[in-house]
Protein chains: 6
Amino acid sequence: MQTYDTVLVISPHADDEVLGCGGMLARLSAEGSRVHVLYLSVDGMSHYGLANPVTYEARVAEIDRVAKLLGFEYTIAYGDRQLNERLDTLPRRELVDLFQDHLDRLRPDLLLLPSGDDYDQDHVATFTAAFAAARPIGRSFGKWLVPHVMSYEMSKLQWANKPLALCTAFLDISDHLDAKLAALREYASQHRPVPHIRSEESVSALAVLRGAEIGVRYAEAFEVHRTLL
Amino acid sequence: MQTYDTVLVISPHADDEVLGCGGMLARLSAEGSRVHVLYLSVDGMSHYGLANPVTYEARVAEIDRVAKLLGFEYTIAYGDRQLNERLDTLPRRELVDLFQDHLDRLRPDLLLLPSGDDYDQDHVATFTAAFAAARPIGRSFGKWLVPHVMSYEMSKLQWANKPLALCTAFLDISDHLDAKLAALREYASQHRPVPHIRSEESVSALAVLRGAEIGVRYAEAFEVHRTLL
Amino acid sequence: MQTYDTVLVISPHADDEVLGCGGMLARLSAEGSRVHVLYLSVDGMSHYGLANPVTYEARVAEIDRVAKLLGFEYTIAYGDRQLNERLDTLPRRELVDLFQDHLDRLRPDLLLLPSGDDYDQDHVATFTAAFAAARPIGRSFGKWLVPHVMSYEMSKLQWANKPLALCTAFLDISDHLDAKLAALREYASQHRPVPHIRSEESVSALAVLRGAEIGVRYAEAFEVHRTLL
Amino acid sequence: MQTYDTVLVISPHADDEVLGCGGMLARLSAEGSRVHVLYLSVDGMSHYGLANPVTYEARVAEIDRVAKLLGFEYTIAYGDRQLNERLDTLPRRELVDLFQDHLDRLRPDLLLLPSGDDYDQDHVATFTAAFAAARPIGRSFGKWLVPHVMSYEMSKLQWANKPLALCTAFLDISDHLDAKLAALREYASQHRPVPHIRSEESVSALAVLRGAEIGVRYAEAFEVHRTLL
Amino acid sequence: MQTYDTVLVISPHADDEVLGCGGMLARLSAEGSRVHVLYLSVDGMSHYGLANPVTYEARVAEIDRVAKLLGFEYTIAYGDRQLNERLDTLPRRELVDLFQDHLDRLRPDLLLLPSGDDYDQDHVATFTAAFAAARPIGRSFGKWLVPHVMSYEMSKLQWANKPLALCTAFLDISDHLDAKLAALREYASQHRPVPHIRSEESVSALAVLRGAEIGVRYAEAFEVHRTLL
Amino acid sequence: MQTYDTVLVISPHADDEVLGCGGMLARLSAEGSRVHVLYLSVDGMSHYGLANPVTYEARVAEIDRVAKLLGFEYTIAYGDRQLNERLDTLPRRELVDLFQDHLDRLRPDLLLLPSGDDYDQDHVATFTAAFAAARPIGRSFGKWLVPHVMSYEMSKLQWANKPLALCTAFLDISDHLDAKLAALREYASQHRPVPHIRSEESVSALAVLRGAEIGVRYAEAFEVHRTLL
């Protein structure tokens, strides 16, 4: 794998980063990169028909365990603010400024975004603002131009009304799928059995398909927005 | 026609359901389906340069006549709330929750949405939220997974800045175009003469073109988002 | 209407020019433009299940009547060569050279092509080669750069497996639809009754829809490939 | 499942029908539909670096076993003709006529095509010609208008240079994945182990992902070109 | 150049009109058209990391100099309102009504919009609302149907996550690039040196590429939304 | 720049490799990579209106000078075969086999293709076959899976009838634009002055725009088909 010193992952909710790039995070951590995850909205009562209520503290505890397991540090932008599925109500400039601050301070060489092809308003709001923050202003103008910007995908993304952008960057995670699935299980409040679109079986199936595209057992794939050769 | 027990039609304003699928509604009703139309915004003073003001009560009376003519029951989500052309100001979660409640309560086997390719902000807000509400969560997780989800089209939709999604599902409405046009005339406050994009001539012309695509006199066409074979 | 001195219409078969731009041809002729139609393949035995055989001479006689009615001159590139639905078997360079010769000799200010979004191999071969011939090489390099290049549409074109390019140029043909339909009837060998995709009713219906898009009774619409302001 | 009396599957090579819709074929057969598979090219020496040569007779024997297992009848259009990966050299009209003859004779209510989004020239030639053959000419004009036309997908299809069309029709094959995999194994000459894009693991993984999209264990998904409601 | 009596340019911020169509404005003015620029948001403190604060009055003075140089009149919709990069927080109906009023009052024959393919939320909000305002309602219904609607492009627009719409209308600005660059320099507060995406070198480079597409030294290109022939 | 041991560039004609990636070739060579260019068709009489005839030997001499200047080795697949603009007449399998042989023998870690979005039939035939040759078959199956596959772009590519794929990989060629332009001049038979789409000014202008997208003076950009992280 190409070496990255610093990686910033933007995650709308706590578990998107695992679903989208848990294998890469495990591998980056093993290879010594500094990885920072920025969560947007983390709330106690998750949205849409959750059987068992979960407290904000319990959700943070889940994140702590995952962060430890995958070896990353993290920040929560909107914790316990009841903004779950309401990120579209924020002025976009607020989100752009938030992301821009993180970029200029952390100066990552890899920025990972959620896909913009999502039916979930929080994902769209996050992607759109982060994409704007990563716009191509050269470093000579005082802004950090991230050399590598990509979006991670998830097994749920086929529910779309437009053709999906192709994922063309691949990472072999054959040695890290176990860590990805373990991290997924740590998000017990979000975890669902098969045939859910977020089940371990779905996550593994996507890894098998992406792996076959590069001739390995398991892989993660990414949409490339910018990569400096 | 395939049989549908229960059909939910989501209609941003009162007349979209007729323009988009009035022929299907007449046919469904004739064949014994239960059809429910959920209107989003119905207001007294319609938007953009209406010559004669119309009261909220008059608009509801129009709906009543159309509902009787085409044989459906209905609900108005935001009646007399001055939300016409302002649905984009609602948090999307509010709309998603509204639609999800209807889906879980009515358990329709066919869900009809306005097209997401529209220049009208109410249509876009409605489609986007309803599409999110119809996301693929299996029934074993306590949510109603609608087996057939489609969007209806209108003669006005060519005013777009991106290629339009293809409509690939067709319904022969040769015996029901009259009912569709009659319903259109009941919406006297919205009715416009030729060469308006909402005139009877435009509506008929679209039905002729769609009919020719399946070798019948008149048809309606739909974009397919999900269909269980 | 903007004035065009010379117009070149490329028509895969004899009737495509009427279906696609018969109204414009009538109007151009009435306004004094020189219009030249270049037919690709004209054969005696038309393809796919024609009930009554028709001779090559009969087909040319049809063209003569239409040319007189709509006021254009014409050339047939491949007459009586049994190339109907076989234009894809020609090396593309042969077609590109053919079109380039016509462009350099006629020096049209408007070039009209069949749509490239067609399931018919002759239409695709024609469009693709003509589009290459119209590539942007400046006049200072000895090639005629056509200032206005557009594609005409037909009522049949919705049978596609990709979203269709939008038609954004419009011509009011309210005074010329009759001539278009009369020309269509002259192509007796190709003429079909409703509900055929090439019937007068289909052609009129498309004209109604396009008319409503610009607030007139009937219009033709075109995809814009290049237009010099 | 909706009932289909007669189904025509067009398969460029012997194994595409299993990879794309083996589960549906098993299910259709179990429910009494008549299924006919039309193979395009079957050759003794398969293309691209096959380790062990295989005779034409051996390939036909494989087909016989699969046809028996999944319960379909079949025809081979170009058997032992060395046209493997050379179908693009045929005039398209020849293929269109071939498909049209099958449609008019078999009069299927469901037509299944390979996807047109494929890097393989045989698949593209097959899809394009079959799509043209299925164009919307009404039955009153003496041609069989197929009511349901769809494309099947495969795990290999992500190798593309354009966004892929969405698959929106789904069939639950939870009870038929075993038969699909068994049929795949019968194609011993084509069978490859993991992590090949045609391995059983890849095929199963795609079925898991599609299944999750409709809340079942395994599914196949299809692109909808036309469906009559 | 085709003659336009009245042109309305909608510009999210003060300098977009120069970047996008400064050459055309110079040429239109020289040829006697009445040109009106409608700015959306003009604020004292410009967005994102401006080194030297600039007052609202200074920004208006810049506009005055540019308007004089390029020969247009102008209105500022939201001056000194701190709405820079916050236009997405306005109800879209407010913007649609604003644009519609301008269209009905000025009755332009050419309407120029910012591109809708932009990462900047103000550009998207502006385009989307203006596009809705320009929807095709015929003049017989009391609304001004603009005959020519186009979007201008900028050198920055490649930062996108979807393929960009093609620009197919071209204007030779070989004699007006100097005026365009001079106007750009008047916007001293927004001006940036090479290699900025808004530098004179970038602007000139785009003009060279567009010029080569029509065989002239410098050109501007536009996306066509509607053009009446 | 990421290090590449071996690079294979596929070039339809002699000059495409310079127009598309001359800067990268200069830089790769300077950094010690082995670069191999595979030309498809090189003929004595170039197509379309060349003023001065040029012999095959003269064209090879041009290539020799460019190869020396940019430091690559090369092969000509079809030299002096009069296949210029006739590559579409070859069975695609012949081209796929040709490319596959080169891939398996050279085992490049970077494969550079012409864009598939081109109006030139030779470019399309080359891209399509090379893309098929690079399909994702794992190395465990005896085929060389190229880790990085990209397409180079040219200033002429805007003449298209579909939106163009985005170029998202960038290489700073600020120190190598001179070498690129010098190589361009060596192709004296193909060289054209401004305002030609292949002039030095056009090539430089594209390099300026791509440079601004990553904050450097000059860059080349590439469409990413596959990249292993």
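Use the structure listed above.
Below, the structure is looked at part by part. Quantities reported herein were computed from a predicted structural model and do not represent experimental measurements.

## Side note on the overall build of chain A
For step 1, the next point in the chain: Assigned secondary structure in chain A consists of six helices and seven strands.
For step 2, the next point in the chain: When the helices and strands of chain A are placed in sequence order, the string is β-α-β-α-β-α-β-α-β-β-α-α-β.
For step 3, the next point in the chain: Projected onto its principal axes, the C-alpha positions of chain A cover 50 × 45 × 35 Å.
For step 4, the next point in the chain: Within chain A, buried positions represent 70% of all 229 residues.
For step 5, the next point in the chain: Residue pairs at least 24 apart in sequence account for 78% of intrachain contacts in chain A once pairs closer than 6 positions are excluded.
For step 6, the next point in the chain: Side-chain charges of chain A comprise 23 positive and 32 negative groups, with the mean position of each set lying 4 Å from the other.

## Concerning the interface of chain F and chain A
By convention, interface size is frequently given as the accessible area that disappears when the constituent parts associate.
For step 1, the next point in the chain: With 23 residues of chain F at the contact, the number on the chain A side is 23 residues.
For step 2, the next point in the chain: Summing both sides of the interface, chain F and chain A together bury roughly 1800 Å²; the carbon and sulfur share of this comes to 63%.
For step 3, the next point in the chain: The largest share of the area that chain F buries against chain A comes from Thr168(F), Phe170(F) and Leu229(F), three residues that together contribute 36% of it.
For step 4, the next point in the chain: At the boundary of chain F and chain A, one finds zero salt bridges.
For step 5, the next point in the chain: Linking chain F with chain A are six residue pairs in polar contact (both at pLDDT 80 or more), by the criterion used here.
For step 6, the next point in the chain: For the side of chain F that touches chain A, the secondary structure elements donating two or more residues are strand E6 (169-172) and strand E7 (219-228) of chain F.
For step 7, the next point in the chain: Looking at which element gives the most residues to the side of chain F that touches chain A, the answer is E7(F), with six residues.
For step 8, the next point in the chain: Residues that form the side of chain F that touches chain A fall into these classes: 15 nonpolar, six polar and two charged.
For step 9, the next point in the chain: Examined bridge by bridge, strand E7 (residues 219-228) of chain A and E6(F) share two bridges and lie parallel to one another. Bridged to Thr227(A) within E6(F) is Ala169(F).

## Remarks on the relation of the copies chain F and chain A
For step 1, the next point in the chain: After a rotation of 180° and a shift along the axis of 0.0 Å, chain F superposes on chain A with an RMSD of 0.0 Å. What the superposition gives is, in effect, a two-fold axis relating one chain to the other. Ranked by how close their C-alpha atoms come to the rotation axis, the residues of chain F are headed by Val224(F), at 3.8 Å.

## Thoughts on the relation of the copies chain B and chain E
For step 1, the next point in the chain: Least-squares fitting of chain B to chain E yields an RMSD of 0.0 Å, with the superposition described by an axial translation of 0.0 Å and a rotation of 120°. In short, the pair behaves as if placed about a three-fold rotation axis. Nearest to the rotation axis, the C-alpha of Thr89(B) is located 5.0 Å from it, this being the minimum over chain B.

## Focus on the pattern of salt bridges
For step 1, the next point in the chain: Per the stated rule, a full pass over the model turns up 66 salt bridges over all chains.
For step 2, the next point in the chain: Here Arg59(A) ties to Glu62(A) by a salt bridge, and the two come within 3.2 Å at their closest N and O atoms. Note that Arg59(A) and Glu62(A) are positioned in helix H2 (residues 56-70) at a spacing of three residues, about one turn of the helix. Of the two residues, Arg59(A) and Glu62(A), neither departs from the other in class, the shared state being buried.
For step 3, the next point in the chain: With a closest N to O distance of 2.8 Å, Glu73(B) and Arg34(B) form a salt bridge. Highlighted residues: Glu73(B) in strand E3 (residues 73-79) and Arg34(B) in strand E2 (residues 34-42), separated in sequence by 39 residues.
For step 4, the next point in the chain: On the accessibility criterion, Glu73(B) (32% relative accessible area) is partly exposed.

Parameters and conventions
- Starting afresh in each chain, residues are numbered from 1 along the sequence in its written order.
- As they are written, the chains are lettered A onward and the ligands numbered 1 onward, keeping that order.
- This being a predicted model, a pLDDT of at least 70 is required before a residue's local features are given, and a value of 80 or more before pairs of side-chain atoms are given or counted; all residues contribute to the totals for chains, interfaces and linings.
- Remark: hydrogens and water are excluded; side-chain values derive from all non-hydrogen atoms of the structure.
- Under the DSSP-based scheme used, a helix requires at least four consecutive residues in state H or I and a strand at least two consecutive residues in state E, with every element numbered from the N terminus.
- Partly exposed residues are those whose accessible area sits between 20% and 50% of the maximum for their type, while under 20% is buried and over 50% is exposed, using a 1.4 Å probe and protein chains only.
- Contact criterion: two residues are considered in contact whenever any of their non-hydrogen atoms come within 4.5 Å of each other.
- The convention is simple: Lys and Arg are positive, Asp and Glu are negative, and His and the chain ends are not counted.
- Charge positions come from single atoms, namely NZ of Lys, CZ of Arg, CG of Asp or CD of Glu.
- The term buried area denotes the loss of accessible surface (1.4 Å probe radius) that occurs when two parts are joined, taken as the sum for both partners.
- Note on definitions: salt bridges are taken to be side-chain nitrogens of Lys or Arg within 4 Å of carboxyl oxygens of Asp or Glu.
- Any N or O atom pair separated by 3.5 Å or less is treated as a polar contact, with the protein-specific requirement of one donor-capable and one acceptor-capable atom, and with residues adjacent in sequence counted only for side-chain atom pairs.
- Each residue receives one of three labels: charged for Asp, Glu, Lys and Arg, nonpolar for Ala, Val, Leu, Ile, Met, Phe, Trp, Tyr, Cys and Pro, and polar for the others, Gly being one of them.
- At least two DSSP bridges between two strands are required for those strands to pair.
- All copies are superposed by least squares; the fitting set is the C-alpha atoms of residues with a pLDDT of at least 70 in both.

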